[in-house]
Amino acid sequence: MPLVIYSALQASPKEFVAFWASRYKYPQESLYTDNIGRRLTPTRIRTLFEWKNGSRLAVPKLRSVERNYVARLSELRKLPASTDAESFLRLFASGGAIWRIFWLHCWQPVRFPIYDQHVHRAMAFIESGEREEIPKNDASKVRAYLDRYLRFHRRFGGLDLRSIDRALWFYGKFIKSTKFPLLNNA
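Residues numbered from 1 in each chain as written. Predicted model: local features only at pLDDT ≥ 70, side-chain atom pairs only at ≥ 80, totals over all residues. Heavy atoms only, no water.

Visitor: Hey, could you go over the packing of aromatic side chains for me, with residue numbers and the actual values?
Guide: What the rule picks out here adds up to 27 aromatic pairs. Seen from their ring centres, Trp 20 and Phe 174 are 5.0 Å apart, and the 50° between their planes marks the pair as tilted. Here Trp 20 is found in helix α1 (residues 13-21), whereas its partner Phe 174 is found in helix α10 (residues 161-177), with 154 residues between them in sequence. Accessibility expressed as a relative area gives 25% for Phe 174, which makes it partly exposed. Across from the ring centre of Phe 19, 3.5 Å away, lies the NZ or CZ of Arg 23, which sits over that ring. The ring of Tyr 32 carries the charged tip of Arg 162 above its face, separated from the ring centre by 4.3 Å. (Phe/Tyr/Trp six-rings, centres within 6.5 Å; stacked < 30°, edge-to-face > 60°. Helix = DSSP H or I, 4+ residues; strand = E, 2+ residues; numbered from the N terminus. Buried < 20%, exposed > 50% of the residue type's maximum accessible area, 1.4 Å probe, protein only. Lys NZ or Arg CZ within 6 Å of the ring centre and 35° of its normal.)

Quick look at the structure:
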């Protein structure tokens, strides 16, 4: 018989990130860590998208990566480093919202955080105490990233960006998979 007691504790951003990031586990994390922040090559791009996908890329996904990212590497290299996220995502307008945002992250990983369903869920829960899923359509996902997530992510300023990403990703997965009382119902 499982007997459980939940105790919500107030935490600083640093404590929150340390706690949740330490629980993060992701298969083949080395695909990310060995390739991010290095000069992008076709092989590195494919490897990073394989990591993002969580498994080998099926033929249609590999074709999308080739067409939307690998084939446009020379365009990416010509972009001024000061290009803002909205202009970048307008330029790279095909390939799906989450993968385009990941492409933005691959280009400048220190400046632009990763965004997906899990970090969106974590953000929403931290902001409101409610479970909220990522918008369904691509335009709404991009708007949520630009208008909401980037500002939210900056609230963790000064902390290691990868640790923030890991913490929010794991926390968002935890919120989805765990049946625990919501804060306003506790």
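That was the structure; now back to the text.
Visitor: Got a sec to walk through the pattern of salt bridges? Specific residues and values, please.
Guide: Taken as a whole and judged by the stated rule, the model has 13 salt bridges. Here Glu 50 ties to Arg 56 by a salt bridge, and the two come within 3.1 Å at their closest N and O atoms. Of the charged contacts, one joins Arg 148 and Glu 127 as a salt bridge, the two residues approaching to 2.8 Å between their closest N and O atoms. Here Glu 127 lies in helix α8 (residues 117-128) and Arg 148 lies in helix α9 (residues 138-154), a separation of 21 residues in the sequence. Via salt bridges that share partners, Glu 86, Arg 90, Arg 143 and Asp 147 belong to a single interconnected network. (Salt bridge = Lys/Arg side-chain N within 4 Å of Asp/Glu carboxyl O.)

None of this, on its own, says anything about what the molecule does.
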